[in-house]
Amino acid sequence: MKRWVLVLTERGSDREGKRRRIAALLVVLGGLIGSWGVGSVLASDPIGYGVPIWPFADTADRAEHALLTQIVPVVRAGSPLNHSGVQVLRQTSAYGSAFWTLKMQVDGETRCREVAVGLNVTSRRVDC
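Small disclaimer: the values here were computed from a predicted structure and weren't measured.

A. Expanded view of the pattern of salt bridges. Considering all chains together, one arrives at seven salt bridges under this definition. Taking the shortest distance from any N to any O, the salt bridge between D61 and R111 comes out at 2.5 Å. Of this pair, D61 sits in helix α2 (residues 59-77) while R111 sits in strand β3 (residues 109-117), and the two are 50 residues apart along the sequence. Of the residues examined, R111 reaches a relative accessible area of 9% and is grouped as buried.

Rendered as structure tokens:
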């Protein structure tokens, strides 16, 4: 004959479940806030941070990135820039790098960018 044994166990207190749910909520909330913060920084200058992609960059940013990829070889060579829509505002050279401040007409907007070309290419948006 089979015997069935009924075992009664006491569940953990409801506080443990609440703590887990609160901890999970805080982790999700922290991830969302962190993602928003990183996204807003990247969206402020997607070309300078190297992410000219959606959702950070708009069409003008992508056009500016395409224009800069055409200009960088000219800056590396130290040749004069003969590109319509691009004006060189300032040109210096120091520490083995060339620093150019460019005024560009991109997608109906006027944008200025300081480009440093050495071993690496870096740039940042500046006021015109």
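B. Looking closely at the side chain of R113. Mapped onto the fold, R113 is located in strand β3. With relative accessibility at 0%, the residue R113 sits in the buried group. Within polar-contact distance, the side chain of R113 engages the side chain of D45 at 2.7 Å.

C. Quick peek at the layout of surface pockets. When its volume is computed, the largest pocket comes out at roughly 210 Å³. As for the largest pocket, its lining consists of 13 residues, and the residues nearest its centre are I47, H65, L68, V121 and S123. Where the lining of the largest pocket is concerned, the elements lending two or more residues are α2 and β4 (121-126). Its residues assigned to classes, the lining of the largest pocket comprises seven nonpolar, six polar and no charged.

D. Structural detail: the state of the cysteines. Applying the stated criterion across every chain, the model contains one disulfide. Linked covalently through their sulfurs, C112 and C128 form a disulfide whose S-S length is 2.1 Å. Handedness here is read from the sign of the S-S torsion; for C112 and C128, about 115 degrees, the answer is right-handed. Of this pair, C112 sits in strand β3 while C128 sits in the segment after β4, and the two are 16 residues apart along the sequence.

E. Structural context of the side chain of D45. Mapped onto the elements, D45 comes out in the loop between α1 (14-44) and α2. Look past the residues within four positions of D45 in its chain and what remains in contact with it is R113, S123, R124 and R125.

F. A look at the pairing of strand β1 (residues 86-94). Relative to strand β2 (residues 97-106), β1 is paired through eight bridges, and the arrangement is antiparallel. Looking at the pairing, S93 lines up with A98 of β2. The hairpin turn running from β1 into β2, its antiparallel successor, is two residues long, and Y95 in that turn takes a positive phi close to 55 degrees.

Analysis parameters
- Residues numbered from 1 in each chain as written.
- Predicted model: local features only at pLDDT ≥ 70, side-chain atom pairs only at ≥ 80, totals over all residues.
- Heavy atoms only, no water.
- Salt bridge = Lys/Arg side-chain N within 4 Å of Asp/Glu carboxyl O.
- Helix = DSSP H or I, 4+ residues; strand = E, 2+ residues; numbered from the N terminus.
- Buried < 20%, exposed > 50% of the residue type's maximum accessible area, 1.4 Å probe, protein only.
- Polar contact = N/O pair within 3.5 Å; in protein donor to acceptor, adjacent residues only side chain to side chain.
- 1 Å grid on protein atoms, 1.4 Å probe; cavity = no way out; pocket = protein on both sides within 12 Å on 5 of 7 lines; lining within 4 Å.
- Points joined across faces, edges and corners; volume = space filled by probe spheres on them.
- Nonpolar A, V, L, I, M, F, W, Y, C, P; charged D, E, K, R; others polar.
- Disulfide = S-S within 2.5 Å.
- Contact = heavy atoms within 4.5 Å.
- Pairing = 2+ DSSP bridges.

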